[in-house]
Amino acid sequence: MTSSLLAVQLADPRLAWAPVVLLIIIAVGFAVTNVAVSILIGPKRSGKVKETTYESGMVPIGDTRRRFNVRFYIVAMIFLVIDVDIIFFYPWATIFAPYVQKMPDKSGALLIEMIVFVGLLLLAYVYAWGKGVFRWD
Amino acid sequence: MNLFEVMWPELIVIGTACVLFLLGVLPMPGARRASAALALISLLGTFVLLVYYLMFRWPGDTLHDSSNALRIWYFAHYIKILATGIGVMFVLMSWPTNKDATGNSALDFTQDGGEFFGLMLLSIAGVMLVASANDMILLFLGIELAAIPTYVMVSISRPLPVAQEAGVKYFFLGAMAAAVMLFGFSYLYGTTGTTNLTEIARQFSDRRTAVGSINALPLSTWQMLAVIMLICGFAFKLAAVPLHFYAGDVYQGAATPVTALLSFVPKASGLVALIKILYVIGGGMWIIPAPIGKLLWILAVLTMSVGNVLGLLQNNVKRTLAYSSIAHSGYLLTGIAVIASPQTGFVQQDALQAVLFYLAAYGIMNAGAFGVLMMLPSRHPKAATSAETFDDIAGQGRNHVVLGLAMAVCCFSLIGLPLTVGFFGKLFLIRVQLRGEDYWLVIITVINAAISAAYYLRIVASMFLRATSEAYPHAPAPVGVERTAPAPASFPLVLAVGLSVFGTLILGIIPPLTETVFTTAQTASSLEPTSIPNATQASALAR
C-alpha cells in the first residue's frame, strides 16, 4: 500500500530526496528570476495611489494594530480541538489498516480507542457550543 | 488483559467528570445542584470498590494492559485509595451550601457547579493515573491532569482580583515547571530509546551488572541531567524549597476548599512521580546514585527549614498553613532522602512505607484545619472569604468550643504531638532516618518539628486566649448575614471536619488501627512483586 506508492527503490536512499531538492531549487529560482527580471526591465512609474497598501482594491482604513474581539481567540482554541484531532487521526489511520489485516480480532479495541478519543473531543466541542462560544452578538 | 479491568477506577472518575461537564451546559440550572452529589457518589463508590477489591479480589499479580503502559501493584492501589478517600473530604468541604454565610466558595453553583466538581474529579483522576502509570508519557499526562484543573479552580473559586492573580501565577509557573519536566523526560527517552519505565529500569540494572560494581554510577551525564530536571519539575508540584515561591500567594488567593485541595492533590502526584522515577533510576532495586541522594537530602532539609521559618512570619492563617504544607513536603522528602541514601538492606522499603503513611496522615489532618477555617466568618465582608487572618480567628475558640477543639486537634497533629496520627507519622519517619543512620537528618527534623510548634500553637492560642476582635466598623455585614455569629453549619462541611478530626484522633489513640494502615503502607511499599521482571518477562510484557 504505502510502500507500493513509494516503491521507487534507489541504490542510495538519499537519492530519493533528489526530486524534492530539485523542486526547491526550481521554486526559489522562479521567484528570484521573476523579481530580478521585473526590477531590471520593468518601467518605473510611481504615484500616490500606487504607494498605498493593496487591500483587495479597497482604500485601507485604519491600522492593523488594534484589539480584536476575544471571541476570535476562543474560536481559535476550538479550532485547536479539531486540529489535534487530525494530528492523532493521521498516524492512527496509517496503522489501522495493516492491523485489521494482521489481527482482525484485536482491531476492534483500536477502533474503540479512537472512538473514545473522538468522543472526548466532541464532548469538549459540545461543551464550548453549549457555553455559547459560537454566539456572535 | 482487559483494559477496563486495569483502569476502571480512573474510568469511573473521568466518566463522571465528563457527565458533570455536560451537566454544566444543560439549560436547566437546577440540574447543576446535583453535581456535588454526583461527584461524591462517584468518588465514594470508587473508594469502596477499591477497598473491596484490595481486601477480597486481589489477583496476587500485577494488573497491566497489553503494552505495559499501566501497571498496578499494591503501591498504585494504595495511592488510589488515598486519593479517592481524601477526595471525598474535599467534595464535602466545597459542598454548595452555606456559601453566603462563610463564603467557603463564591461560586454560583447553579451556574458553575458542574465545572467545579468536574475539574475536581479530573484532578483526582490525575493522581490515580500517576499512580498506575508505567510509561513516561502517561506519567507526564497524569501529572498535568492533576495540575491543570487546579489552575482553573484557583481562578474561578473567588470573584476577587487576588484569586485571578493567584491563578495566573500558578498557571505560568506551573507551565514552566512542566516544560522543565518534559525536557527531562525527553533526555531520558533520548538516551534509553524507550518510554516504558520497566524497560528503562531494566537497562539501568543491566548496566550496573555489566560494570560489576554496585556503587558504579549507571547514569550517563545526560541521564543525570534528565533526572535533575525531573526532580526539579516534581519539586515544583511538591512546593519544595527552591521552587516554593508560588505557594504562599496561590494558597492565600484561592478559596479555602480549593486551598485544601491544592495542599494535597498536586503534592501527591509529584511525590508519587518522584518515587516512581527514583525506583526506575535505581534499576528497580532502590540503588540510587549518590549525587541524587545528596541532592534530595539538601532539598528535604531546605524545604523543612525554610517552610517552617517562613511559617513563623505570617499573619494570615491560610498563608501560615501554606508554609506548613511546604514544611510537610520537607518531612515527606526526608523519607525520600533515606530511600535515596546509599544504605543497603530493607531501609529503602521501610522509608517508603513511612512516607506513604505520612502522606495519608497529612491528607487526613490537613483537611480538618482548612475545614475549621471555612466555618469561621471573616471580618471583611468580602465575597467567598472565610476566616483568614489571626485577627479573624481571635477568640473564636471560646465562642465555638467544638470548632476550637477541632482546630486544636488538627494543629497538634500537624505538630506531631502524641495521641494524634501526626505523631505516628513523624515517629515512623524519624525511625527510618535512624535506621538509615542519618543522624543529622534526625536532628534537623526534630528541630523543625519544634519550630513548627510555634506557629501551630499560635493558631490555637489565638482561638482560645485572645479576645474576639471587633468587626471592622466601616465594613457593614451584607444584608441578612450576621458576621459575628457562627455560620449556620452546613452538614457536609461539618461531616468533612468531623471525619478529619475523627480520623486524626482514632489513628492516634487506637494502635491496632494505626497498625492496619501502617501494614497497608508496608504492602504498598513494594512497587513490583519481585525486584523487576527479567529480560524475557519484560519482552513478553512488551508484546
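Conventions and cut-offs
Residues numbered from 1 in each chain as written. Chains lettered and ligands numbered in written order. Predicted model: local features only at pLDDT ≥ 70, side-chain atom pairs only at ≥ 80, totals over all residues. Helix = DSSP H or I, 4+ residues; strand = E, 2+ residues; numbered from the N terminus. Rg over C-alpha atoms; globule rule 2.2 N^0.38 Å. Buried ≥ 20, exposed ≤ 12 C-beta atoms within 10 Å, placed from the backbone. Contact = placed C-beta atoms within 7 Å. Axes fitted to C-alpha atoms, helices over the stretch in contact; angles between N-to-C directions. Parallel < 35°, antiparallel > 145°, perpendicular 65-115°, else oblique. Left-handed = near helix turned anticlockwise from the far one by under 90°. Nonpolar A, V, L, I, M, F, W, Y, C, P; charged D, E, K, R; others polar. Expected span 1.5 Å × (residues − 1). pLDDT = per-residue confidence, 0-100. Core = buried A, V, L, I, M, F, W, Y, C linked by C-beta atoms within 7 Å.

Asks: Can you break down the overall build of chain A residue by residue, with the values?
Replies: Counting secondary structure elements, chain A contains four helices and zero strands. From first element to last, N terminus to C terminus, chain A shows the α and β order α-α-α-α. A compact globule built from 137 residues would reach a C-alpha radius of gyration of about 14 Å, whereas chain A, at 26 Å, exceeds it by more than 25%. Of all 137 residues assigned to chain A, the portion counted as buried reaches 0%.

Asks: So what about the overall build of chain B? Which residues, and what values?
Replies: Of the regular secondary structure elements, chain B holds 22 helices and two strands. Classification of the 543 residues of chain B by burial places 59% in the buried group. The long-range share in chain B, meaning contacts at least 24 apart out of those at least 6 apart in sequence, stands at 80%.

Asks: Summarise unusual backbone geometry; cite the residues concerned and give the values.
Replies: The general pattern is negative phi for most residues beyond glycine and trans for most peptide bonds. A positive phi angle, near 60°, is found at N68 of chain B, a position not held by glycine. Summarising the element assignment, N68 of chain B is placed in the loop between β1 (63–64) and β2 (71–72).

Asks: Any details on the packing of helix α14 (residues 347–375) of chain B against helix α21 (residues 511–524) of chain B? Residues and values, ideally.
Replies: All names here are of chain B. Contact pair α14 / α21: the axes reach a minimum separation of 8 Å and the direction vectors enclose 130°. In terms of orientation, α14 lies oblique with respect to α21. For the crossing formed where α14 meets α21, the hand is right-handed. Facing Q353, L356, F357 and A360 of α14, the residues of α21 in contact are V517, F518, A521, Q522 and A524. In terms of residue class, the contact of α14 with α21 is built from seven nonpolar, two polar and no charged.

Asks: Lay out the packing of helix α13 (residues 317–339) of chain B against helix α18 (residues 421–435) of chain B in plain terms, naming residues and giving numbers.
Replies: All names here are of chain B. Look at α13 against α18: their axes get within 10 Å of each other, and the N-to-C directions meet at 30°. What the angle tells us is that α13 and α18 run roughly parallel. Crossing handedness for the pair α13 and α18: left-handed. Along the contact surface, α13 presents Y331, T334, G335 and V338, while α18 presents L429, V432 and Q433. Looking at the contact of α13 with α18 residue by residue, the class counts come to four nonpolar, three polar and no charged.

Asks: How would you explain helix α4 (residues 107–130) of chain A if you had to name every residue and give the values?
Replies: End to end, α4 of chain A covers 34 Å across 24 residues, agreeing with the expected 34 Å (1.5 Å per residue, within 8%). Looking one or two places after α4 of chain A, you find G132 of chain A, whose phi comes out positive at around 85°.

Asks: I'd like a rundown of the confidence of the model for chain B, residues and numbers included.
Replies: Residues and elements named next belong to chain B. Of the residues in chain B, 89% reach a pLDDT of 70 or more, and the chain-wide mean stands at 85. In the model, residues 531–543 has pLDDT below 50 throughout and makes 18 contacts with residues more than four positions away in sequence or in other chains. The ipTM, which scores confidence in the relative placement of chains, is 0.75 for this predicted complex, and the corresponding pTM is 0.85.

Asks: How would you explain the environment of I275 of chain B if you had to name every residue and give the values?
Replies: Looking at where I275 of chain B falls in the secondary structure, it is placed in helix α11 (residues 265–281). A tally of 23 C-beta atoms within 10 Å means that I275 of chain B is categorised as buried.

Asks: Describe the environment of I79 of chain B, listing the residues and the values that go with them.
Replies: The residue I79 of chain B is located in helix α3 (residues 74–93) in this model. I79 of chain B has contacts with V127, A131, A268 and V272 of chain B, leaving out every residue within four places of it along the chain.

Asks: Now, about the nonpolar core: what can you tell me, with residues and values included?
Replies: Residue and element names in this part refer to chain B. Counting 187 residues, the largest nonpolar core has M120, M407 and C411 as its most contacted members. Top contributing element to this core by residue count: α14, with 21 residues. Those residues in contact with C411 that sit more than four places away from it in its chain are A369, Y456, I459 and V460.

Asks: An account of the confidence of the model for chain A is needed here, citing residue identities and associated values.
Replies: Summing up the model confidence of chain A, the mean pLDDT is 82 and the portion of residues at 70 or higher is 91%. The least confident element of chain A is helix α1 (residues 2–5) of chain A, whose mean pLDDT is 48; the most confident is helix α2 (residues 18–41) of chain A, at 94.

Asks: Describe α11 of chain B, and please don't skip the residues or the numbers.
Replies: Residues and elements named next belong to chain B. For α11, which comprises 17 residues, the first-to-last C-alpha distance of 24 Å matches the rise-based estimate of 24 Å (1.5 Å per residue) to within 8%. Most of α11 is tucked away: 17 of the 17 residues are buried. Looking one or two places after α11, you find G283, whose phi comes out positive at around 65°.

Asks: Residues and numbers for the environment of T385 of chain B, please.
Replies: Within the secondary structure, T385 of chain B is located in the loop between α14 and α15 (390–393). Sequence spacing of T385 of chain B and T256 of chain B is 129 residues, and the spatial spacing of their C-alpha atoms is 7.9 Å.

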